[in-house]
Amino acid sequence: MTPATRQEVLGLYRKILQIAKNWQSASGQIEETMREKEYIKNEARTLFRKNKNVTDPKLIKQCIEECEARIEIGLHYNIPYPRPIHLPPMGLAHKQGRMLRHQEKLRKISKPIYLKSHDEVS
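About the criteria used
Residues numbered from 1 in each chain as written. Predicted model: local features only at pLDDT ≥ 70, side-chain atom pairs only at ≥ 80, totals over all residues. Heavy atoms only, no water. Helix = DSSP H or I, 4+ residues; strand = E, 2+ residues; numbered from the N terminus. Buried < 20%, exposed > 50% of the residue type's maximum accessible area, 1.4 Å probe, protein only. Expected span 1.5 Å × (residues − 1). Contact = heavy atoms within 4.5 Å. Axes fitted to C-alpha atoms, helices over the stretch in contact; angles between N-to-C directions. Parallel < 35°, antiparallel > 145°, perpendicular 65-115°, else oblique. Left-handed = near helix turned anticlockwise from the far one by under 90°. Nonpolar A, V, L, I, M, F, W, Y, C, P; charged D, E, K, R; others polar. Phe/Tyr/Trp six-rings, centres within 6.5 Å; stacked < 30°, edge-to-face > 60°. Salt bridge = Lys/Arg side-chain N within 4 Å of Asp/Glu carboxyl O.

A. View of unusual backbone geometry. Residues other than glycine seldom take positive phi values, yet N78 does so here, at roughly 60 degrees. Topologically, N78 is positioned in the loop between α3 (57–77) and α4 (98–109). A relative accessible area of 26% means that N78 is categorised as partly exposed.

Take a look at the structure:
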């Protein structure tokens, strides 16, 4: 990892911790705000630790893009949790055969960038 990339990653981590510190839930309830603050910190800690040994520049760039996307989406919608995909499971595929495998492959490819790491951790 280059020093510039390292500084960018550490800057993102600090930014997330700052967002968690100043976070206010949409409902304004203290308990919910505390739960969401804790979720933000735990999610960031888990994902950054999981990816600390990544050395491939393409993969590092993808992780940085995912992090930035999740930050922007979270701030925009005021929801710290990843937004789900609203597609019924296997709603477009036949129940068996090649079409099922094809639909599973398309669903995996089409998954938004901000959800790529969430399923692996949760």
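B. Up close: helix α1 (residues 3–22). With 20 residues, α1 should reach 28 Å at 1.5 Å per residue; the first-to-last C-alpha distance of 28 Å fits that figure. Taken together, the buried residues of α1 touch α2 (30–50) and α3.

C. Layout of the packing of α1 against α2. Where α1 contacts α2, the two axes come as close as 8 Å, and the packing angle between them is 165 degrees. Comparing the axis directions of α1 and α2 gives the class roughly antiparallel. Crossing handedness for the pair α1 and α2: left-handed. Note on element contacts: α2 touches α1 through K37, I40, K41, A44, R45 and F48, opposite V9, L12, Y13, I16, L17, A20 and K21. The residue inventory of the contact of α1 with α2, partitioned by class, reads nine nonpolar, no polar and four charged.

D. The arrangement of the packing of α1 against α3 in detail. Look at α1 against α3: their axes get within 11 Å of each other, and the N-to-C directions meet at 20 degrees. Our classification of the angle between α1 and α3 gives roughly parallel. Where α1 crosses over α3, the handedness of that crossing is left-handed. Note on element contacts: α3 touches α1 through I60, I64, C67, E68, I71, E72 and L75, opposite T5, E8, V9, L12, K15, I16 and I19.

E. The arrangement of the packing of aromatic side chains in detail. By the definition in use, this model includes two aromatic pairs. For the pair Y13 and F48, a centre-to-centre distance of 4.8 Å together with 65 degrees between the ring planes defines the contact as edge-to-face. Placement of Y13 in helix α1 and of F48 in helix α2 is noted, with a sequence separation of 35 residues between them. Of the residues examined, F48 reaches a relative accessible area of 23% and is grouped as partly exposed.

F. Focus on the pattern of salt bridges. In total, this model carries three salt bridges according to the counting rule given. Salt-bridge contacts for E38 lead to K41; the nearest nitrogen and oxygen are separated by 3.9 Å. With a gap of three residues between them, E38 and K41 both fall in helix α2, about one helical turn apart. Overall, the relative accessible area of 29% leaves K41 in the partly exposed class. In this structure, R70 and E43 form a salt bridge, with 3.1 Å as the shortest nitrogen-oxygen distance. Of this pair, R70 sits in helix α3 while E43 sits in helix α2, and the two are 27 residues apart along the sequence. The burial state of R70 is the same as that of E43; both residues are buried.

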